[in-house]
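If you want the building blocks of each chain, they are given just below.
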Amino acid sequence: MIEITGFDATIDSIVQVAQGKKVMLAASARDSMKKSRAYIEKEMTNVDAIYGVNTGFGAFSKVRISNADIVQLQKNLIRSHCVGVGDPFSKEETRAIMYLRANALARGHSGIRAEVVEKLVEFLNHDVVPLIPCQGSVGASGDLAPLAHLALALIGEGEFLASRKDLKSAGIKPLELQAKEGLSLINGCQVMTAVGALASAKAQDLLWILDLSAAMSLESLRGSRGPFDPLISASRPHYGEAQTARNIIKLLGSSSEISESHLDCDRVQDAYSLRCIPAVHGAVKSALRRVNETLVIEANSSTDNPLVFTDEGKILSCGNFHGEPVAFALDYLAIAMTAVGSISECRIEKLINPSMSDLPPFLAANGGLNSGMMIVQVAAAALVSENKIYSHPASVDSIPTSADKEDHVSMGTIAARKLKMIIDNVEKIAAMELLCAKQALGFLSPLKPAAAVLATYQLLDPEVPFALEDRVFAKDIEHIRKLIQKGEILAAVQKSVGGLE
């Protein structure tokens, strides 16, 4: 059970809730929300107009709403903002969105009842997952359209993923929204943050796989272990560089039968895609670390408008709902992941190129009759090029909305969606590199590779054997990709050499 406090969400807790972990609202958060709500209700009797409480929204902020119409105002707001289009977010993404929305509201700066968060908790614990279309947010006044679809489900009017049609079948009563609660449910960056956090978690696992695929390629190409000497990374102390060098040495050890067979070669230096693995992979890890810092801050932030500061006696209009911090971070990670996919493809090219590998062209047995891994590299190149297009930063764009009241927007949710596509493509590229490196190692048999490389080779071999003749290599790529997704490759590595950094 994960406790929702408003202050303690992490990338790991987001992943756990996304995967089905149950949650509960902390007593401290409930008390803060009650205190904040009492303050709002008191102010409603003392102040003529409070934005979002008894006024219209956006360009209608000067329109005073009567107390008799406030409940209807909440329903109208939610219904009118449900304009999302496109495919729905996945079940895991939607659960993460609900968790983060609950966590933000639990901080007690929104002036809403604790019952609103309790309803989100009820949805999560009964695994009732609203259908939220993925397109329609500009990431400025929060993720308005997608969060409105979430709110619509809370009040019993929305759609749901899978076969569930209504709340009655789950034994859940719809939520009756009170003053400000509709606005508070849709003001915030929880969609981009949730999708980004899940993508970030996948990127972390994938970077370990890419260290492994790089080590396999280095071994297959009989590259030098010299560039991974700790003296080198100590002379340029970026966070990820030393980490990557240690990983490669752990995966390869000091030597192997393959490396010892090539000690007398006349090669002075390896290509950048081998020699610069610590610099490139390390830079991506450093980027991921910074992005995660931003995502965790955002996951534990108040992003409503206005915000209620009960102890200070203030209700303040603000722009905390603007997605720019998250948008910048996700665009940064998109660029970094595109780069690490690109260097992986470079290594694939080295493996199939006899002038660089001293192996048969395209790693084909009986080349000419067989084409080997020729088009595996072409497919990897296509994915790299596709990722370059996705890497154009969403956050550099802005379109004025809401009658120019919301004149600068972040496009952060688009950044999150693009990042997810990039990471999916990099996963495929990593599978292609593992396939090619394994085929290359087959040509070096009976010489044995380093322990972790050998463990990976043996894991892959039953379903992806050495290609004596051409076959449908797409099936091999998909098989390796599934092993990556299930964590079986990392598990084999950990059993062989322990965990990676």
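See above for the structure.
Reading the values: rules and limits
Residues numbered from 1 in each chain as written. Predicted model: local features only at pLDDT ≥ 70, side-chain atom pairs only at ≥ 80, totals over all residues. Heavy atoms only, no water. Helix = DSSP H or I, 4+ residues; strand = E, 2+ residues; numbered from the N terminus. Buried < 20%, exposed > 50% of the residue type's maximum accessible area, 1.4 Å probe, protein only. Contact = heavy atoms within 4.5 Å. Axes fitted to C-alpha atoms, helices over the stretch in contact; angles between N-to-C directions. Parallel < 35°, antiparallel > 145°, perpendicular 65-115°, else oblique. Left-handed = near helix turned anticlockwise from the far one by under 90°. Nonpolar A, V, L, I, M, F, W, Y, C, P; charged D, E, K, R; others polar. Lys, Arg positive; Asp, Glu negative; His and termini not counted. Salt bridge = Lys/Arg side-chain N within 4 Å of Asp/Glu carboxyl O. Core = buried A, V, L, I, M, F, W, Y, C linked by side-chain atoms within 4.5 Å.

Considering the overall build of the chain
When helices and strands are tallied, the chain shows 20 helices and six strands. Over its C-alpha atoms, taken along the principal directions, the chain stretches across nearly 85 × 50 × 40 Å. In the chain, buried positions account for 55% of the 501 residues. Considering only contacts within the chain whose residues lie at least 6 apart along the sequence, 80% involve residues at least 24 apart.

Quick look at helix α18 (residues 451-460)
For α18, every residue scored as buried is listed here: A452, V453, A455, T456, Y457 and L460. Of the surrounding secondary structure, the elements contacted by the buried residues of α18 are α8 (190-220), α10 (239-252), α17 (412-444), α19 (473-486) and α20 (488-497).

Observations regarding unusual backbone geometry
Note the cis peptide between N305 and P306, where omega equals -5 degrees. One can find P306 in the loop between α13 (277-299) and β5 (307-309). For R222, which is not a glycine, the phi torsion comes out positive at approximately 55 degrees. On the secondary structure map, R222 appears in the loop between α8 and α9 (230-234). For R222, a relative accessible area of 16% gives the class buried. Backbone geometry places D358, a non-glycine residue, at a positive phi of 60 degrees.

Some remarks on the packing of helix α4 (residues 91-105) against α8
As a packed pair, α4 and α8 sit with axes 8 Å apart at the nearest point and diverge in direction by 125 degrees. Classified by the angle between their axes, α4 and α8 sit oblique to one another. Read as a crossing pair, α4 and α8 show a hand that is right-handed. For the pair α4 and α8, contact is made by E92, E93, A96, I97, L100, R101 and A104 and by Q190, V191, T193, A194, V195 and L198, respectively. Looking at the contact of α4 with α8 residue by residue, the class counts come to eight nonpolar, two polar and three charged.

A few points about the side chain of E43
Inspection of the secondary structure puts E43 in helix α2 (residues 27-46). We note that E43 is buried and unpaired, the nearest opposite charge coming from K42 at a distance of 4.3 Å. Discounting chain neighbours no more than four positions away, the residues touching E43 are I50 and I315.

Comments concerning the pattern of salt bridges
Opposite charge on two side chains makes pairing possible when the charged atoms of those side chains draw close. Within the structure shown, the criterion is met by 24 salt bridges. A salt bridge links E118 to R30; its shortest N-O distance comes to 2.7 Å. Taken together, the residues E118 in helix α5 (residues 114-125) and R30 in helix α2 connect sequence positions 88 residues apart. A salt bridge links R481 to E427; the nearest nitrogen and oxygen atoms lie 2.6 Å apart. One end of the pair, R481, is in helix α19; the other, E427, is in helix α17, and 54 residues separate them in sequence. For R481, a relative accessible area of 13% puts it in the buried group. Taking the relative accessible area as the measure of exposure, E427 reaches 3% and is therefore buried.

Here we look at helix α6 (residues 144-154)
Burial analysis of α6 places 11 of its 11 residues in the buried class, the great majority of the element. Looking at α6, one finds that the buried residues are L144, A145, P146, L147, A148, H149, L150, A151, L152, A153 and L154. Downstream of α6 by one or two residues, G156 has phi in the positive range, about 85 degrees.

Looking at the nonpolar core
Judged by nonpolar contacts, the single largest core of 156 residues is most densely connected at Y99, F123, L185, I186, M337, I480 and I489. Ranked by residues supplied to this core, first place goes to α8 with 19 residues. Ignoring anything within four residues of it in the chain, the contact list for F123 reads M98, V128, P130, A153, L154, F160, L167 and I172.

Observations regarding the environment of L351
Here L351 shows up in helix α14 (residues 324-352). Given the relative accessible area of 0%, L351 is considered buried. For the pair L351 and L185, spaced 166 residues apart in the sequence, the C-alpha separation amounts to 52 Å. Sequence-distant contacts of L351, that is, excluding residues within four places in its chain, are made with S217, S220, L221, S357, L363, E433, C436, A437 and A440.

Distances and angles like these do not, on their own, reveal function.
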